[in-house]
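Notes for the structure review
Spelled out, the chains give:
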Amino acid sequence: MAKKKILIIEDEPDAALFLKMHLEKSGFNAICASDGKEGFEKVRTETPDLILLDLMLPQVDGLWVCNILKSDKRFTRIPIIILTAKATDSDMAVAKKCGANGYMVKPFEFSDLLIEIKKFLKD
């Protein structure tokens, strides 16, 4: 069976590398994008099984990316988990309204993220 592909859209290089290394160690194929525009393009070319999306990104922010992807029939099935430092109820509500499937506040334990990912990537 092919490895599930996860797209990490994260502008902080250390955070992106941390996620990529841990995801690959956990058996996933991980690819990275460093801003919202690049992330959107990689969704179109790579067709990931799941997206880990930061909200505060250069070019276009994560909410825009989430909203556009969830309004496009080609991508609505791809689960999006928001990873952000924004921890208010209103931030979470806005992300949910944009179509985010999950929401995790930084810093988080990778083991908790893995549980969340596996909820969406059942075989």
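Structure: see above.
Before going into details, it helps to say that this report is about the structure given with it. (Residues numbered from 1 in each chain as written. Predicted model: local features only at pLDDT ≥ 70, side-chain atom pairs only at ≥ 80, totals over all residues. Heavy atoms only, no water.)

A few words now on the environment of Glu46. Relative to the helices and strands, Glu46 resides in helix α2 (residues 36–46). In contact with Glu46, other than residues within four places in its own chain, are Lys5 and Ile31. (Helix = DSSP H or I, 4+ residues; strand = E, 2+ residues; numbered from the N terminus. Contact = heavy atoms within 4.5 Å.)

Next up on the list: the pairing of strand β3 (residues 50–53). Residues Leu50 and Leu52 point to one face of β3 and Ile51 and Leu53 to the other, with burial holding for every one of them. For β3 and strand β4 (residues 80–84), the ladder comprises three bridges, and the chain directions are parallel. Residue Leu52 lies in a different strand from β4, and its bridge partner there is Ile81. (Buried < 20%, exposed > 50% of the residue type's maximum accessible area, 1.4 Å probe, protein only. Pairing = 2+ DSSP bridges.)

In terms of nonpolar packing, the biggest core is built from 21 residues, with Ile9, Ile51, Leu53, Leu69 and Ile82 touching the most fellow members. For this core, the elements supplying multiple residues, two or more each, are β1 (5–9), β2 (29–33), α2, β3, α3 (62–70) and β4. The greatest single-element share of this core, amounting to three residues, is contributed by α3. Ignoring any residue separated from it by four or fewer positions in sequence, one finds Ile9 in contact with Ala33, Asp35, Gly36, Gly39, Ile51, Leu52, Leu53, Asp54, Leu57 and Val65. Formed by 16 residues, the second largest nonpolar core is a distinct cluster that contains Leu19, Ala30, Leu52 and Leu114. (Core = buried A, V, L, I, M, F, W, Y, C linked by side-chain atoms within 4.5 Å.)

Purely geometric numbers; function is a separate question.
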